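Architecture and fold: a report
The residues making up each chain are set out below.
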Amino acid sequence: MKRNALLGAVVLLAVTSASEAAADGGPGPLGVTAVAAATAQSARVGALFTAADADAGKLAGEHFCTASVVHSPHHDLVVTAAHCLSGAGELVFAPGYRDGKAPYGIWRVERVFLPDGWARGQDEDSDVAFAVLDGRGGAGVEDVVGGNRFATRTATGATAVTVTGYPDSLEVPVRCTNRPTAHNPTQQRIDCPDLTGGTSGSPWVNGDGEVVGVLGGHEQGGATADISYSVVLGSEAAELYRDAASDP
């Protein structure tokens, strides 16, 4: 999991509204991290909590990873990093979480899908996973907040991406836009400051609204707060998505 570092919260919160809006909207200042505005897009990203904390009403300060809703036939799927779900026990997902509140509800994780490479040996090239969430009155989480398409086999750095996640030292999401580069054939990296512990699992969303990366992979997302990684989403991720999306 990304190493905790002292987050420049005062700097983040002091970013001008113009810079914040540009970072939140995708294209704009590259490599700038700001608090993400509450939008339809940011509502698809949420924080992961243990079910015990949620049941006890303890949300503030207890989230530990990030996940996001992706489109699926049953409208019940989120993607995150495998190291966020592996051996974590019972979990819940709060889309659009902000300041101790879950405006779109708290959704319980029912099933977890981990790739073989991670299940066998925690291979950093397999650090992506899916979780199927419970439904509510016949509605899934995607019916409430929408979902981005999960896209594999895209060219690294073809377009800029926006990374949105929840540092565990803050009660709001942050967002940064930049162009990924290749770390090696199976890993991609992005230069964005202050993506500290808790941002593992954050989606990398391109201008077409596609998730083309998930913060994790090399060094479980990065040993420093300023450089983050993702698995290059290839055939293993595509197969895992098909398995999770077809889950009844």
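Counting from 1, residues in each chain are numbered in the order their sequence is written. Restriction of local features to residues with pLDDT of at least 70 applies here, the model being predicted, together with a cutoff of 80 or more for giving and counting side-chain atom pairs; totals for whole chains, interfaces and linings are based on all residues. To get the side-chain values, all heavy atoms of the structure are used, and hydrogens and water are removed first.

Some remarks on the sheet that holds strand β4 (residues 77-80)
Either a parallel or an antiparallel arrangement is found when strands of a sheet pair, and the pairing is made through backbone hydrogen bonds. Note the threshold: Between any two strands, at least two bridges found by DSSP are needed for them to pair. Under the DSSP-based scheme used, a helix requires at least four consecutive residues in state H or I and a strand at least two consecutive residues in state E, with every element numbered from the N terminus. All axes here are fitted lines through C-alpha atoms, helices being fitted over the stretch that makes contact, and every angle between N-to-C directions spans 0 to 180 degrees. Contacts were defined at the residue level, with two residues in contact if any of their heavy atoms lie within 4.5 Å.
If you trace the six strands once around the closed barrel, you get β2-β3-β4-β7-β6-β5, paired in antiparallel fashion. The average angle at which neighbouring strand axes cross in this sheet is 45 degrees, direction not considered. As judged from the five bridges shared by strand β2 (residues 45-50) and strand β5 (residues 91-95), these two strands associate in the antiparallel manner. Across the sheet, F49 pairs through a bridge with V92, a residue of β5. Contacting β3 (65-70), β4, β6 (107-113) and β7 (129-133), helix α7 (residues 235-245) crosses the sheet at an angle of about 10 degrees to β7.

Looking at the side chain of T66
Selection rule: Throughout, exposure labels follow a simple rule: accessible area from a 1.4 Å probe, protein chains only, divided by the maximum for the residue type, with under 20% read as buried, over 50% as exposed, and the rest as partly exposed. Two N or O atoms form a polar contact when they lie within 3.5 Å of each other; inside protein one atom must be a possible hydrogen donor and the other a possible acceptor, and for residues adjacent in sequence the pair counts only when both atoms belong to side chains.
With respect to the element layout, T66 can be found in strand β3. On the accessibility criterion, T66 (0% relative accessible area) is buried. A polar contact of 2.9 Å, which involves the side chain of T66, links it to the backbone oxygen of G198.

Topic: the environment of H218
Within the secondary structure, H218 is located in the loop between β14 (210-214) and β15 (227-231). Judged by relative accessible area, H218 falls into the buried class, the value being 18%. Put simply, H218 and S228 are 10 residues apart on the chain and 8.4 Å apart in space, counted from C-alpha to C-alpha. Contact partners of H218, with chain neighbours within four places excluded, come to E124, H183, Q187 and Y229.

By themselves, these figures tell us nothing about what the structure is for.
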